[in-house]
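# Structural characterization, general
Given next are the chains, with one letter for each unit.
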Amino acid sequence: MPRPSTRLTFTVLATGAGVFSMLQSLIAPALPTVQHALHTSQSTVTWVMTAYLLSASVFTPILGRVGDLFGKKRTMVAVLLAVLAGCLLAALAPNIGVLITARIIQGAGGALFPLSFGIIRDQFAREKVSGSISNLSAVIAAGGGLGMVAAGPIIGALDYHWLFWIPVFVVAVTAVIALRYVPESHNRAAGSVNWIGAVLLSGWLVALLLPLTQGKHWGWGSARVTGLFAAAVVLCALWLFAESRARSPLIDLRIMRLPAVWTTNAAGLLFGAGMFAIWSFLPGFVQTPRSAGYGFGASVTGSGLLMVPMLIAMFVSGILSGRLEPVVGSKRLLIAGSVFAAVACGVLVPWHEQQWQVALVAGLFGFGIGLAFASMANLIVRSVPAEQTGAATGMNANLRTIGGSIGTALTSLLVTSRLQPSGLPYDSGYTHGFTLLAGLLAAAALMATLVPSPRRGARAAVAETDSASAAVPRAAEAPAQV
């Protein structure tokens, strides 16, 4: 096997994770086009997004754990091939059912995030780990923004099928290079996949996220919604019970209880609520016809261009965080990123009459995303044993997704609570929604202040894990092995 290059390895990781991140947002602006082309209803076409979300939520922590057990490079190549198959099927899909199936397959790509972080930790020199994780986080964050920006021009110049044909070519090349040049990680977790835990985890995630994403169509008080929420509570309790007693848990709950881990995860949940909701509603606000008394009547391409400052700011701040992290620490960067995002939403409440105002706020919000993404990944990686990196970072990504579903659902309730005779929301609905998001992001900043400082976090981890078992204290020593 050729001598591995960390630069080439990083390029492969960034390309794979970046493409998956782009797929998350690339199809959203094209849903009306897909609905018309495949002759389906609005409620049905939303499953193109819902199926992808549910699939990624299930696959991310499970395949992250599989990578910890059986090899991160091997698992990553398999995941890339799954994404390739999903994109190819989506590009050729003759009807909405096949497209939804393709999106379920693509959801396996969610595991690329934890697998990539784990490979960086295992293969890169200690002094390069933090900066590389920050740079990868910048690519992941920018990928989501790029999807919103690129969708309009691609559809305008070609058609929506090319939203999947382009990733087919990129992922195919990435998989080949990964197979040949990315080294296999030697850090392996002991044990096997806890399939009972995997089934229960999948069950409560689906039972929670499904009503959050479909509640608007089903009715929030309907039997389906309330029944699924009740099932989520029961299944989550069973999962916690099973994991706490498993000899080889899917997610080691003792690791999740470490002070630096649970506080970062809580901040990630709140930050995800604000981030995904802005991504969902700001383009719609910009595209609202001026006849509604607000909005700019922008096209899909025009609304994407207004998001360019967010894209640029996300990438720049993500790269910058890698330079700042050794000086100020990941905790302060997480606080700063959450504050920037909260201020952006707060400013948007009274200040959205001109397009340049929205573009400026989008840039400020993007700057916060870049800082927060990089710092959360670094905090988790430094707080867990190397053999738990995939599962732990996968759960952090999942909690951001869960938060995003909650934030989007709550914002949708506020935005659509009162509609004009034309069917469009009132401006007040959006201002109430932006106010809510500012509060959630401010709460994320407050939660980030509870993240232990490195020395105090290490002592707390040792104290807690010593009382749990003799195996877990290595979590507190992990930072010295990075």
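Read on for a plain summary of the structure. The shown structure was predicted, so the numbers you read here are calculated from the model rather than taken from an experiment.

A few words on the overall build of the chain. From N to C terminus, the chain includes 21 helices and 0 strands. In terms of overall dimensions, the chain has C-alpha extents of about 65 × 45 × 45 Å along its principal axes. Counting the 482 residues in the chain, one finds 59% classified as buried. A fraction of 81% describes how many contacts in the chain between residues 6 or more apart in sequence connect residues 24 or more apart. With an accessible surface of roughly 18,600 Å², the chain has 67% of that area assigned to carbon and sulfur atoms.

So, on to the side chain of Gln420. Residue placement: Gln420 occurs in the loop between α18 (389-415) and α19 (427-448). Its relative accessible area of 13% is what places Gln420 among the buried residues. Within the local environment of Gln420, its side chain forms a polar contact with the backbone oxygen of Ala292, the two atoms lying 3.1 Å apart. Those residues within four positions of Gln420 in sequence are excluded, and the remaining contacts are Ala292, Tyr294, Pro425 and Tyr426.

For helix α13 (residues 259-287), spanning 29 residues, the distance from its first C-alpha to its last is 43 Å, which sits close to the expected 42 Å at 1.5 Å a residue. Helix geometry: α13 is bent most strongly at Ile278, by close to 30 degrees. With respect to burial, α13 is a largely interior element, 24 of its 29 residues being buried.

Below, the discussion takes up the packing of aromatic side chains. Inspection of the entire model under this criterion finds 13 aromatic pairs. Consider the rings of Trp165 and Phe169, whose centres lie 6.4 Å apart with planes at 20 degrees: the pair is stacked. Here Phe169 and Trp165 lie together in helix α9 (residues 162-181), a separation of 4 residues that amounts to about one turn. Seen in terms of ring centroids, Phe285 and Tyr430 are 5.1 Å apart; in terms of plane orientation they differ by 75 degrees. Their pairing is edge-to-face. Remark: Tyr430 occurs in helix α19 and Phe285 occurs in helix α13; sequence separation between them is 145 residues. One exposure class covers both Phe285 and Tyr430, and it is buried. Over the aromatic face of Tyr52 sits the side chain of Arg103, whose NZ or CZ is 3.9 Å from the ring centroid. Positioned above the aromatic ring of Tyr426 is the side chain of Arg418, whose terminal nitrogen or guanidinium carbon lies 4.4 Å from the ring centre.

The subject of this paragraph is the nonpolar core. Counting residues in each nonpolar core, the largest one holds 119 residues, and the members touching the most others are Met76, Met310 and Phe365. Counting residues per element, this core draws most heavily on α13, which supplies 14 residues. Met310 has contacts with Met148, Ile278, Trp279, Leu282, Ala362, Gly363, Phe365 and Gly366, leaving out every residue within four places of it along the chain. Residues Leu250, Ile251, Ile255 and Ala391 belong to the second largest nonpolar core, which totals 33 residues.

Turning our attention to the packing of helix α16 (residues 330-348) against α19. Packed helix pairs are characterised by how far apart their axes lie and by the angle those axes make with each other. At a minimum axis distance of 8 Å, the contact between α16 and α19 shows a crossing angle of 165 degrees. Taken together, the axis directions place α16 and α19 in an arrangement best described as roughly antiparallel. Considering the relative orientation of α16 and α19, their crossing is left-handed. Residues Lys331, Leu334, Ile335, Ser338, Val339, Ala341, Ala342, Cys345, Gly346 and Leu348 of α16 lie in contact with α19, whose contacting residues are Phe434, Leu437, Ala438, Leu441, Ala442, Ala444, Ala445 and Ala448. Classifying every residue of the contact of α16 with α19 by side-chain character gives 15 nonpolar, 2 polar and 1 charged.

The subject of this paragraph is the environment of Ile154. When you line up the elements, Ile154 lands in helix α8 (residues 126-157). For Ile154 and Ser291, which are 137 residues apart along the polypeptide, the C-alpha to C-alpha distance reads 28 Å. Here Ile154 is in contact with Asp159, Trp162, Leu163 and Ile166, once residues within four sequence places are set aside.

What follows covers empty space enclosed by the protein. Over the atoms, a rolling probe the size of a water molecule traces out where space has been left empty. Counted according to the given criterion, the structure contains 2 cavities of 30 Å³ or more. Taken as a whole, the largest cavity encloses approximately 80 Å³ of empty space. Contributing to the lining of the largest cavity are Phe113, Phe117, Ser137, Ile140, Phe373, Met376, Ala377, Thr393, Asn396, Ala397 and Arg400. Counting only elements with at least two residues in the lining of the largest cavity, the list comes to α7 (112-123), α8, α17 (355-383) and α18. Here the lining of the largest cavity gets 4 residues from one element, more than from any other, and that element is α18. Of the residues assigned to the lining of the largest cavity, the class counts are 7 nonpolar, 3 polar and 1 charged. Size it by volume and the second largest cavity reaches roughly 40 Å³. Around the second largest cavity, the lining residues are Ile278, Leu282, Met310, Ala344, Cys345, Leu348, Val361, Ala362 and Phe365. When contributions to the lining of the second largest cavity are tallied by element, the ones reaching two or more residues are α13, α16 and α17.

This brings us to the environment of Thr449. With respect to the element layout, Thr449 can be found in the loop between α19 and α20 (454-468). Counting along the chain gives 335 residues from Thr449 to Pro114, while the straight-line C-alpha distance between them is 24 Å. Beyond its immediate stretch of four places on either side in the chain, Thr449 contacts Lys331 and Ile335. A polar contact of 2.4 Å, which involves the side chain of Thr449, links it to the backbone oxygen of Leu446.

Moving on, we come to a nonpolar patch on the surface. A grouping of Leu158, Trp162, Ile166, Phe169 and Val170 is seen on the molecular surface, where their side chains present a nonpolar patch of about 420 Å² in accessible area. Take Leu158: it is sitting in the loop between α8 and α9.

Taking 1.5 Å per residue as the helical rise, helix α15 (residues 308-328) with its 21 residues ought to reach 30 Å, and the 28 Å between its terminal C-alpha atoms agrees with that figure. Of all the bends found along α15, the most pronounced is centred on Gly322 and spans about 40 degrees, while Pro326, a proline, follows it within four residues. When we look at burial in α15, the residues that qualify are Met310, Leu311, Ala313, Met314, Ser317, Gly318, Ser321, Gly322 and Glu325. Those residues of α15 that are buried lie in contact with α8, α13, α16 and α17. Where α15 terminates, the next one or two residues include Gly329, which has phi positive at roughly 90 degrees.

Reading guide: rules and limits
Residues numbered from 1 in each chain as written. Predicted model: local features only at pLDDT ≥ 70, side-chain atom pairs only at ≥ 80, totals over all residues. Heavy atoms only, no water. Helix = DSSP H or I, 4+ residues; strand = E, 2+ residues; numbered from the N terminus. Buried < 20%, exposed > 50% of the residue type's maximum accessible area, 1.4 Å probe, protein only. Contact = heavy atoms within 4.5 Å. Areas by Shrake-Rupley, 256 points an atom, 1.4 Å probe, with all protein chains shown as cover. Polar contact = N/O pair within 3.5 Å; in protein donor to acceptor, adjacent residues only side chain to side chain. Expected span 1.5 Å × (residues − 1). Bend = angle between axes of the 7 residues up to and from the residue. Phe/Tyr/Trp six-rings, centres within 6.5 Å; stacked < 30°, edge-to-face > 60°. Lys NZ or Arg CZ within 6 Å of the ring centre and 35° of its normal. Core = buried A, V, L, I, M, F, W, Y, C linked by side-chain atoms within 4.5 Å. Axes fitted to C-alpha atoms, helices over the stretch in contact; angles between N-to-C directions. Parallel < 35°, antiparallel > 145°, perpendicular 65-115°, else oblique. Left-handed = near helix turned anticlockwise from the far one by under 90°. Nonpolar A, V, L, I, M, F, W, Y, C, P; charged D, E, K, R; others polar. 1 Å grid on protein atoms, 1.4 Å probe; cavity = no way out; pocket = protein on both sides within 12 Å on 5 of 7 lines; lining within 4 Å. Points joined across faces, edges and corners; volume = space filled by probe spheres on them. Patch = residues over 30% accessible without salt bridge, like charges linked within 9 Å, V, L, I, M, F, W, Y side chains within 5 Å. Salt bridge = Lys/Arg side-chain N within 4 Å of Asp/Glu carboxyl O.

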